[in-house]
Amino acid sequence: MKSRLTVETALLATTWGALVLLPAVMIWALVSGVFTQEALIQRFPDVVRTNSLLGWQLCLAAVLGLIPATLAFWVLWQVKGLFGLYAKGQALTPAAADRIRATGIGLAGIGLLNLVVHAAQTVVLSATNPAGQRMLAIELGSEEVGLALMGGLLFVIGRAMADAAEAATELRAFV
Amino acid sequence: MTEIVVRLDVMLALRKMKARDLAAEIGITEQNLSLLRNGRVKGIRFATLARICEVLECQPGDLLEAVSVPRN
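Numbers given for residues are sequential positions, taken from 1 along each chain in its written order. Just so you know, chain letters begin at A and ligand numbers begin at 1, following the order they were written in. The predicted origin of the model limits local features to residues at a pLDDT of at least 70 and limits the giving and counting of side-chain atom pairs to 80 or more, whereas totals for whole chains, interfaces and linings rest on all residues. Hydrogens and water are ignored here; the side-chain numbers use all heavy atoms of the structure.

Colleague: Would you mind going over a nonpolar patch on the surface in detail, with residue names and values included?
Modeller: Residue and element names in this part refer to chain A. The patches described consist of residues with a relative accessible area above 30% and no salt bridge, like charges being joined within 9 Å and nonpolar side chains (Val, Leu, Ile, Met, Phe, Trp, Tyr) within 5 Å. The protein chains shown are the only cover counted for residues, whose accessible areas, like all others here, come from Shrake-Rupley with a 1.4 Å probe. In the sections that follow, a salt bridge refers to a side-chain nitrogen of Lys or Arg positioned within 4 Å of a carboxyl oxygen of Asp or Glu. Together, Leu21, Val25, Trp28 and Val34 make up an exposed nonpolar region whose accessible area comes to about 420 Å². Looking at the secondary structure, you find Trp28 in helix H1 (residues 7–31). Each residue is assigned to one of three classes by its accessible area relative to the maximum for its type, calculated with a 1.4 Å probe on protein chains only: buried under 20%, partly exposed between the two thresholds, exposed over 50%. Using a relative accessible area of 57% as the deciding quantity, one classes Trp28 as exposed. Helix and strand assignments follow DSSP, with helices taken as H or I runs no shorter than four residues and strands as E runs no shorter than two, numbered in order from the N terminus.

Colleague: Give me the interface of chain A and chain B: which residues, what numbers.
Modeller: Whether two residues are in contact is decided by their heavy atoms, any of which lying within 4.5 Å being enough. In this assembly, 5 residues from chain A lie in contact with 8 residues from chain B. Put simply, buried area is how much 1.4 Å-probe accessible surface two parts lose in total, over both of them, once they are put together. For the chain A and chain B pair, buried surface summed over both sides reaches about 650 Å², with 63% attributable to carbon and sulfur atoms. Of all residues in chain A, A:Ala173, A:Phe174 and A:Val175 give up the largest surface area on contact with chain B, accounting jointly for 86% of the area buried on that side. A per-class count over the side of chain A that touches chain B returns 4 nonpolar, no polar and 1 charged. Charged residues are taken to be Asp, Glu, Lys and Arg, nonpolar residues to be Ala, Val, Leu, Ile, Met, Phe, Trp, Tyr, Cys and Pro, and polar residues to be all remaining types, Gly included.

Colleague: Can you tell me about the side chain of A:Gln78, naming the residues and giving the values?
Modeller: Residues and elements named next belong to chain A. Topologically, Gln78 is positioned in helix H3 (residues 55–87). Classification of Gln78 as buried rests on a relative accessible area of 10%. Whenever a nitrogen or oxygen atom comes within 3.5 Å of another N or O atom, the pair is scored as a polar contact, on the condition that within protein one atom can donate a hydrogen and the other can accept it, and that pairs from neighbouring residues in sequence are kept only if both atoms are in side chains. Polar contacts involving the side chain of Gln78 include one to the side chain of Arg99, which spans 3.4 Å. Not counting residues up to four positions away in its chain, the partners in contact with Gln78 are Arg99, Ala102 and Thr103.

Colleague: Please set out the nonpolar core residue by residue, giving values where relevant.
Modeller: What we call a nonpolar core is a set of buried Ala, Val, Leu, Ile, Met, Phe, Trp, Tyr and Cys residues that are connected through their side-chain atoms within 4.5 Å. Core analysis: the biggest nonpolar cluster contains 19 residues, and B:Leu8, B:Leu22, B:Leu33, B:Leu36, B:Ile52, B:Leu56 and B:Leu63 have the highest contact counts within it. Of all the secondary-structure elements, those providing two or more residues to this core are helix H1 (8–14), helix H2 (19–26), helix H3 (30–37) and helix H4 (46–56) of chain B. Counting residues in each nonpolar core, the second largest holds 8 residues, with A:Phe44, A:Val47, A:Ala61 and A:Ala62 among its members.

Colleague: Could you give an account of helix H5 (residues 142–172) of chain A, naming the residues involved and the relevant values?
Modeller: Residues and elements named next belong to chain A. The terminal C-alpha atoms of H5 lie 44 Å apart, and with 31 residues this matches the ideal 45 Å at 1.5 Å per residue to within 8%. Taken together, the buried positions of H5 are occupied by Glu144, Leu147, Gly151, Gly158, Met161, Ala162, Ala165 and Ala168. For H5, the secondary structure elements touched by its buried residues are H3 and helix H4 (94–125). In a helix, the anticipated span is given by 1.5 Å times the number of residues less one.

This is the structure:
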């Protein structure tokens, strides 16, 4: 069988690569000490600590930090499915529209999760401080806003694609 | 309830023409013509209808008929 490299197959291969790399990067981050006390102090410079961090705080902060990455993995899986459909020539189908919508929801979810997780991590890291010195910090940056906007845009495109796919299906029933 | 029934088979018989030849003349696949003959399509384009009428030398009314069917 003759194989042909198209944009769709290249994108599909790239997404497969990212799907393999993401867990590898997550494991590497855990092993290489991204969640050590020093690294967390650098990541959260505004969190005032009066005691050194306990083991459970480091573990909980690490687990919380992995939640958005897990959602990112799911988003990548949706994108992989979308490019797979494109590679099979099924671009204008309800399945492709569903994948685009799911990607949009996922991206907006990552933006929202970043916000919540960061806040939860500040609570965890300052949990052993004396009463009155514990803190809850909410960080809203351009990354979160950008992800929410991009997610919303993809969701709308997905809905438009669903309508277009329905129209195309109806058109195919005409001779 | 009224339904549109395609009377293409009748016209083909009257003109002594095979479905395969008609499909070739009007430029659609035999499969699509078969779907049309059996009423398994949602609609027919004016362009297709015009070509069929031209080849079979008939009017749209000779090919399509509105029939009443009892409601279920």
